[in-house]
Each structure stands twice: as C-alpha cells, then as structure tokens.
Amino acid sequence: TRTHLRTRTRYLLRITMSAILEKIATIELEMSRTQKNKATENHLGSLRAKLAQLRRELIEPSGKSGGKGEGFDVTKTGDCRVGLVGFPSVGKSTLLTKLTGVHSEAAAYEFTTLTCVPGVIHYRGARVQLLDLPGIIEGAKDGKGRGRQVISTARTCDVIVVVLDAMKPLTHRRLIEKELDGFGIRLNKKPPNISYTVKEKGGVNVLPFKPKSGEDPAWLDESTAKAILEEYHVKNCDVKIYENCTDEELIDVIEGNRIYTPCVYAVNKIDQITVEELELLDEVPHYVPVSSGKEWNLDGLLDKIWEYLNLTRIYTKPKGQNPAYDAPIILKKGQVTVEDFCNSLHKSMVKNFKEANVWGISAKHRPQKVGKEHVLSDEDVVQIVKKI
C-alpha cells in the first residue's frame, strides 16, 4: 500500500542518513588527528572535499522527499525577507511580536515556537517580511531536531538576524555559525574571487594566486587545488585564483550552492548584564544590543537590518503629476539600473522604453535624460518616457 511504501522510504532514508553521518564523523576525526603542515595540505584538502560532498548528500534528501515541514513553506511577501535564527528561549518570539505586532507563542520554557511564524514590518517605505524560525539545536546541520527545515528557510532570507542571549553571546554565536556554515550559508562574507570553468577536454589547468612581495604567502597552492578537483572527479577544467583563498573557499566555488548572506547579531536580554559587559559588546562588529522584553534599542536593530538589506527606494513620477512618495519601488542590491526599475514595474515596459527622466543623487542635472543602463541611487525620482 501507499502508507507501507512511505514508511519503507522513510526507513531507508534514515539508514542512508545514519551511514552518511558515520562517514562524516570518521572524516572529522581523521582531520582533527592530522597535523596541519605543508606535507599534509593535499590530504586535508581531499578530506574537506569529501566532507563537503557528504554534507551535500545530507542536505539533498529533504528536497527529494518533498516534505519541508508544517509552516516552513512560507509564501514570500513584501520586498525582502529577514529571518530570526537562534537557540531556543533567546527571545526571538518576543522580538517578532514587538517589531511586527504578530503574536508568536513565547514562554519561559524551550521550544515554544514549533513552526515558522511570519510577520511584516513597514519600514522606510519598504515591506520587510520577518520570520520567527523555531529554535535550532547543536547538530542541526546533521538533521537533528527540525534543524534542516529551519536552516533551509534561512537560506531564502536576504538578511539573517542571529538572536543571542547576552549571558553567553560568543559561545552561542560560534555554535550557530558552525550549523549555518554546515548548510552552505556564509555569514558576512563575499564570494571568493575564483574563476572555475568545466571544459570538455584540455585537462586540469590551475592558475594559483601569486602574492606580491611583503604579502602573506598563498594559502592554496596548485597541487592542493588539483587534489581537491581529483576528489570531485573533474578531469577537464580551468581554475584561476585571483586572491588569497583557502582550500575550503575553492570547494565552495566547485559546489556552487553556497549562499552569502549579510548577518546582524542581536544580543538580547541586555537588561541582565553590566554596563561594562555592554561596552565590550558594543565594540564587536555586526552586533546590536537589545532587550525585547524592555523594548530597548529596537529602533537601532531596525536601522542595522535596513543598512544590511542595502535596498534602493525609487519613486515613480507620472507625467504632469507629483512623485508617488508614499509607494516607492524597492530594488535589491546589484539590480539598480533603469532597466531593473522598468522590469519591477512590468516586464513589457522595457520593450516600449525610449528614455527616462531622473531627479536625485544619481542625476548630474535635474532632470537628466538617461538610458536603460543608468545606475540609480536611493530615493531617486524616475519618469519613464515610452516610444510613440
């Protein structure tokens, strides 16, 4: 029967996952026992490549089985998405309630939120969807708890807010970063400047990074890069390394499924720590001290989230009318040309586009007649002129 088939599939999936976790543990143990030096670089690179492939196998079954878990397949609304990630009982639910007005179950015991609760903040003309994700536990990247569903949803966010307990912020931060990293989410990092092209023939060609005199020696040499590519069974490719990169960064490029997400660390419950401890936290980058219970510095948190979202607001101006300042068009980072603006209004607008009149920071004079390639700035006013 269909029920019997589903049960058998789940059973086989559990066995497969158990075998993968065993292999991961074996490789991690071997890596911890291997001394890092010039002679072991190639071996460690191969082990990291094996580990990355096993982690990918661990992640993929959730996509194949189709079940993401109740409430996790949240419809994307608004202009962008921000996810609250953290351990149980750090105050994520209270934070969501105070910022959006949406009630998310909060209590003094752990695992109060068992599904993903969405809310929307209207901030500076943009509609920001805020997700309160269930508390993750150590080992989430390996499928423990509901970790896989939580982190899968986090991958769809434009900014991640890691909510930390002020009593143990650094310990929690390291553990959460490890879990997200294991799922291919890189926090506050840029993609490595590595060109990787697979070919049909020609063998493996690696052009390593050559540091200038006085700079640190290259972290990744040609032989280690080739050992990693061999582990992936790549026979023909060109690899050009333009900056000082590690073997792990090369693996990220080969895997091709990494997400580079801006992250804000919201250190909650600051009403429970001393002024001296608070001053120390203030010096750490990406940190915002808050108290969701006392409603302290919530505006500061919103300002930081807005900064990391890096959105561009553009106001439309129909001919003979005032600009629509109450309804800006929101453009995301890297998509801020006049053509991007036209596409966000309607896909067919580019076909009939003649020119645009622009007022604002990006304009040399007001108005300036520009083409589709013109790069817009935040709070520019744009009037589209169509072909007759």
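An account of the accompanying structure is given in this report. Predicted model, so just to flag it, every value in this text is computed and none were measured.

Basis of the calculations
Residues numbered from 1 in each chain as written. Predicted model: local features only at pLDDT ≥ 70, side-chain atom pairs only at ≥ 80, totals over all residues. Heavy atoms only, no water. Patch = residues over 30% accessible without salt bridge, like charges linked within 9 Å, V, L, I, M, F, W, Y side chains within 5 Å. Areas by Shrake-Rupley, 256 points an atom, 1.4 Å probe, with all protein chains shown as cover. Salt bridge = Lys/Arg side-chain N within 4 Å of Asp/Glu carboxyl O. Lys, Arg positive; Asp, Glu negative; His and termini not counted. Charge placed at Lys NZ, Arg CZ, Asp CG, Glu CD. Helix = DSSP H or I, 4+ residues; strand = E, 2+ residues; numbered from the N terminus. Buried < 20%, exposed > 50% of the residue type's maximum accessible area, 1.4 Å probe, protein only. Core = buried A, V, L, I, M, F, W, Y, C linked by side-chain atoms within 4.5 Å. Contact = heavy atoms within 4.5 Å. Phe/Tyr/Trp six-rings, centres within 6.5 Å; stacked < 30°, edge-to-face > 60°. Lys NZ or Arg CZ within 6 Å of the ring centre and 35° of its normal. Axes fitted to C-alpha atoms, helices over the stretch in contact; angles between N-to-C directions. Parallel < 35°, antiparallel > 145°, perpendicular 65-115°, else oblique. Nonpolar A, V, L, I, M, F, W, Y, C, P; charged D, E, K, R; others polar. Expected span 1.5 Å × (residues − 1). Arc of directions from axis to C-beta.

A cluster of acidic residues, Glu 276, Glu 277, Glu 279, Asp 282 and Glu 283, forms a negative patch at the surface. With respect to the helices, strands and loops of the structure, Glu 277 is situated in helix α8 (residues 275-282). Judged by relative accessible area, which is 39%, Glu 277 ranks as partly exposed.

Once that is clear, we can look at the pattern of salt bridges. Per the stated rule, a full pass over the model turns up 19 salt bridges. Notably, a salt bridge pairs Arg 55 with Glu 28, separated by 2.8 Å at the nearest N-O pair. Here Arg 55, found in helix α2 (residues 41-65), pairs with Glu 28, found in helix α1 (residues 2-33); they are 27 residues apart in sequence, far enough to count as distant.

Let us look at the nonpolar core. Counting 55 residues, the largest nonpolar core has Val 82, Leu 99, Ile 160, Val 161, Leu 301 and Leu 309 as the members making the most contacts within it. Considering every element that reaches this core, the biggest residue donor is helix α9 (residues 298-309), with 7 residues. Residue contacts for Leu 301: discarding those within four places in its chain leaves Leu 95, Leu 99, Val 161, Val 264, Ala 266, Val 288 and Val 290. Grouped together as the second largest cluster of nonpolar side chains are 18 residues, Ile 194, Ile 228, Tyr 232 and Leu 250 included.

Here the structure, examined in full by the defined rule, presents 3 aromatic pairs. Taking the centre distance of 5.0 Å and the plane angle of 70 degrees together, the rings of Tyr 315 and Tyr 325 count as edge-to-face. In this pair, Tyr 315 is assigned in strand β12 (residues 312-316) and Tyr 325 in the loop between β12 and β13 (329-331), connecting sequence segments 10 residues apart. The ring of Tyr 265 carries Arg 173 above its face, with NZ or CZ at 4.1 Å from the centroid.

In contact at an axis separation of 11 Å, helix α3 (residues 92-100) and α9 are set at 85 degrees when each is read in the N-to-C sense. It follows from the interaxial angle that α3 and α9 lie roughly perpendicular. Mapping the contact onto sequence places Leu 95, Lys 98 and Leu 99 in α3 and Leu 298, Leu 301 and Leu 302 in α9. Counted by class, the contact of α3 with α9 contains 5 nonpolar, no polar and 1 charged residues.

This paragraph deals with α9. With 12 residues, α9 extends 16 Å from end C-alpha to end C-alpha; this agrees with the ideal 16 Å at 1.5 Å per step. Buried within α9 we find Leu 298, Leu 301, Leu 302, Ile 305, Trp 306, Tyr 308 and Leu 309. Looking down the long axis of α9, one finds its buried residues gathered within 165 degrees of arc, a one-sided arrangement. Seen from the buried face of α9, the exposed residues on the opposite side, beyond 90 degrees, are Asp 299 and Glu 307.

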